[in-house]
Amino acid sequence: MSDSEEESQDRQLKIVILGDGASGKTSVAMRFAQEAFGKQYKQTVGLDFFMRRIMLPGNLNVTLQVWDIGGQTIGGKMLDKYIYGAQGVLLVYDITNYQSFENLEDWYTMVKKMNKETDSQPFVALVGNKSLCLFWMVVPSTCTLSQRTPSEQPQDMRFLQILFSSCRECVPWTRLF
Ligand SMILES: Nc1nc2c(ncn2[C@@H]2O[C@H](COP(=O)(O)OP(=O)(O)OP(=O)(O)O)[C@@H](O)[C@H]2O)c(=O)[nH]1
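With an unreviewed UniProt entry as reference, the protein is termed Ras-related protein Rab-28 isoform X3, source organism Geotrypetes seraphini. Of the comments in the UniProt record for the protein, the one headed Sequence similarities (unreviewed entry) reads "Belongs to the small GTPase superfamily. Rab family."

Structure follows, in structure tokens:
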């Protein structure tokens, strides 16, 4: 393969979406990859994949492989395999469900455990989904995972700030991916 052919090939990045069931992971992935939203809840069993090509500054083509992990996989045998090798992790909670925010700590622990041995750590972002359901909001927008666990500052991760999404109402997505 020539140099130019090699250069024109897309780089692949693996993004894993984690969080409790019904927090909106599939909706986030679908909104990103297909610009679609399904109102009906259909539980993801195991995992699902989505892909989208994007162009980064400098005409760099990148294919994002989005791994939508079912909320029921926590504690399951396969979860570490799903997380392995991810360059980015979105930890999704539902702003109308406080438990889904609290449980992110468990998801985050899995990410840390999985990546303990590897040199490259993924970028991790918290995503407060259903962000336009303000009437039912129970997780204040000032909460972050690191605030909840001050002793556990994520020095070993490149931790991004909290982001908000609303799949139903289609707010701009540029900051999330
Ligand atoms: N109003 C509103 N509803 C949303 C939003 N995102 C998702 N939902 C709804 O929330 C429900 C659950 O969404 P899913 O995307 O299937 O949740 P999930 O996290 O993938 O769930 P699991 O497959 O169980 O892990 C569905 O009925 C969605 O239509 C949003 O931004 N706003």
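So, on to the overall build of the protein. Assigned secondary structure in the protein consists of six helices and six strands. Going from the N terminus to the C terminus, the protein shows its helices and strands as α-β-α-β-β-α-β-α-α-β-α-β. Burial analysis of the protein (177 residues in total) assigns 43% to the buried set. Here the protein displays about 10300 Å² of accessible surface, and carbon together with sulfur accounts for 52% of that area.

With that settled, consider the layout of surface pockets. Approximately 570 Å³ is the volume found for the largest pocket. What lines the largest pocket is a set of 27 residues, and nearest its centre among them are Gly24, Ser27, Gly38, Gln40 and Tyr41. At four residues, the largest contribution of residues to the lining of the largest pocket is made by helix α2 (residues 25-34). When its residues are assigned to classes, the lining of the largest pocket shows six nonpolar, 14 polar and seven charged.

As a further point, take the pairing of strand β5 (residues 123-129). Burial runs high along β5: six of the seven residues are buried. Across seven bridges, strand β4 (residues 88-94) lies against β5 in parallel orientation. Across the sheet, the residue bridging to Val89 is Val124, located in β5.

Attention shifts here to the pairing of strand β3 (residues 60-69). The buried fraction of β3 amounts to seven of the ten residues, a majority that puts the element mostly inside the structure. The pairing of strand β2 (residues 47-56) with β3 spans ten bridges and is classified as antiparallel. By the bridge assignment for β3, Phe50 is matched with Val66. Between β2 and β3, which follow one another and run antiparallel, lie three residues, and Gly58 among them has a positive phi close to 90 degrees.

Looking now at the nonpolar core. Considering soluble globular proteins, one finds that nonpolar side chains tend to be buried as a cluster. Membership of the largest hydrophobic core comes to 22 residues, with the highest contact counts inside it found for Leu18, Ile69, Leu79, Ile83, Val89, Leu91 and Leu104. Every element with two or more residues in this core is listed here: β1 (11-18), β3, α3 (79-83), β4, α5 (104-115) and β5. Residue contributions to this core peak at six residues, all from α5. Phe32, Leu90, Val127 and Cys167 belong to the second-largest nonpolar core, a separate cluster that totals 16 residues.

Now for the site of the ligand. Contacts to the ligand come from 23 residues, most closely from Lys25, Ser27, Tyr41, Thr44 and Cys167. Between Gly71 and the ligand, the recorded distance is 2.8 Å, taken from a backbone N or O atom to an oxygen atom. Protein chains bury 93% of the 650 Å² of accessible surface belonging to the ligand in isolation. Using a 2 Å cut-off from the grid points, one finds that the ligand occupies the largest pocket. For the shell around the ligand, the element with the most residues is α2, which contributes three residues.

Right, let's talk about the confidence of the model for the protein for a bit. When pLDDT is averaged along the protein, the result is 80, and 72% of the positions lie at 70 or above. Confidence, read as mean pLDDT per element, is least for helix α6 (residues 145-148) in the protein (51) and greatest for β3 (95). Predicted confidence is poor over residues 148-158, with pLDDT under 50, and the contacts of this stretch with residues over four places away or in other chains come to 25 contacts. Scored as a whole, the predicted complex attains pTM 0.84, and scored at its interfaces, ipTM 0.98.

Reading the values: the criteria
Starting from 1, residues in each chain are numbered consecutively following that chain's sequence as written. The predicted origin of the model limits local features to residues at a pLDDT of at least 70 and limits the giving and counting of side-chain atom pairs to 80 or more, whereas totals for whole chains, interfaces and linings rest on all residues. Computation of side-chain values covers all heavy atoms of the structure but excludes hydrogens and water. UniProt positions are given in the numbering used here, feature names are shortened, and annotations may be inferred rather than shown by experiment. The helix and strand labels rest on DSSP assignments: H or I over at least four residues marks a helix, E over at least two residues marks a strand, and numbering proceeds from the N terminus. Only protein chains enter the accessibility calculation, which uses a 1.4 Å probe; a residue is then buried when its area is under 20% of its type maximum, exposed when over 50%, and partly exposed in between. Computed by Shrake-Rupley with a 1.4 Å probe, the accessible areas treat only the displayed protein chains as cover when residues are assessed. Cavity means a closed set of points on a 1 Å grid over the protein atoms alone, one where a 1.4 Å probe fits but cannot get out, pocket means an open set with protein on both sides within 12 Å along at least 5 of 7 lines, and lining means a residue has an atom within 4 Å of a point. Grid points are joined across faces, edges and corners, and a volume is the space filled by probe spheres set on the points. Classification used: nonpolar for Ala, Val, Leu, Ile, Met, Phe, Trp, Tyr, Cys and Pro, charged for Asp, Glu, Lys and Arg, polar for all others including Gly. A strand pair is defined by DSSP finding two or more bridges across the two strands. Definition used in this section: a nonpolar core is a set of buried Ala, Val, Leu, Ile, Met, Phe, Trp, Tyr and Cys residues joined via side-chain atoms within 4.5 Å. Summary of the distance rule: residues count as near a molecule or strand when at least one heavy atom falls within 4 Å of that molecule or strand. Here a polar contact means two N or O atoms within 3.5 Å. Within protein one must be a hydrogen donor candidate and the other an acceptor candidate, and residues neighboring in sequence count only if both atoms are side-chain atoms. Assignment to a cavity or pocket requires that more than half of a molecule's atoms be within 2 Å of the site's grid points. Values of pLDDT, which run from 0 to 100, indicate the predictor's confidence residue by residue. Contact between two residues is taken to exist if any of their heavy atoms lie within 4.5 Å; hydrogens are not considered.

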